[in-house]
Amino acid sequence: MPDGRQDLKRFFGEIKQQFFRFAGSYSKAVSSGANVTSSKIMENLKETEQISDISIGILISAVNSGVEYAGEQMIKSGIDLVEHMKEYAKKQ
């Protein structure tokens, strides 16, 4: 295989790896965000006598906390991805 084709194959292989890494990070972040949301809701359930006592504001706040946490996780993952790609580029 000519050298250019090998480089191209290696490049696309690296992109494929990074895509799977990103997809894994995304699913982990979404799952973690959902866990944060459910924890916030469960905390509020302990303080009330009935589920209907939880206000919409509390639910929205819990969802916002989960989304914020997931976003933070994705930012961290993105920074790690950039650092990994920098290291990969240095090796080339």
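Above this text sits the structure in question.
Here the residue numbers are simple positions, counted from 1 along each chain's written sequence. In keeping with the predicted nature of the model, local features appear solely for residues at pLDDT of at least 70, side-chain atom pairs appear and are counted solely at 80 or more, and the whole-chain, interface and lining totals rest on all residues. Side-chain metrics in this entry use all non-hydrogen atoms of the structure; hydrogen atoms and water are not considered.

With that out of the way, let us pick up the overall build of the protein. Secondary structure elements follow DSSP: runs of H or I no shorter than four residues count as helices, runs of E no shorter than two count as strands, and numbering proceeds from the N terminus. Within the protein, the secondary structure is distributed over two helices and zero strands. A radius of gyration in this sense is built from C-alpha atoms; the matching globule rule multiplies 2.2 Å by the number of residues raised to 0.38. Over its C-alpha trace the protein gives a radius of gyration of 21 Å, far above what one expects of a compact globule, namely 12 Å for 92 residues. Overall, the protein is about 70 × 20 × 15 Å in size when its C-alpha atoms are taken along their principal axes. Relative accessibility decides the category of a residue: with a 1.4 Å probe and only protein chains considered, values under 20% of the type maximum give buried, values over 50% give exposed, and everything between is partly exposed. Taking all 92 residues of the protein together, 13% fall into the buried category.

In this section: the pattern of salt bridges. The salt bridge definition used is simple: a Lys or Arg side-chain nitrogen within 4 Å of an Asp or Glu carboxyl oxygen. Across all of its chains, the model carries three salt bridges by this definition. The partner of Glu83 in a salt bridge is Lys86, with the nearest N and O atoms 3.8 Å apart. Here Glu83 pairs with Lys86, and both are found in helix 2 (residues 56-91), just three residues apart, close to one helical turn. For Glu83, a relative accessible area of 40% translates into the label partly exposed. With a closest N to O distance of 3.8 Å, Lys90 and Glu87 form a salt bridge. With Lys90 and Glu87 both in helix 2, this residue pair falls three residues apart, about one helical turn. Under the relative-accessibility criterion, Lys90 is labelled exposed at 64%. For Glu87, a relative accessible area of 40% corresponds to the partly exposed category.

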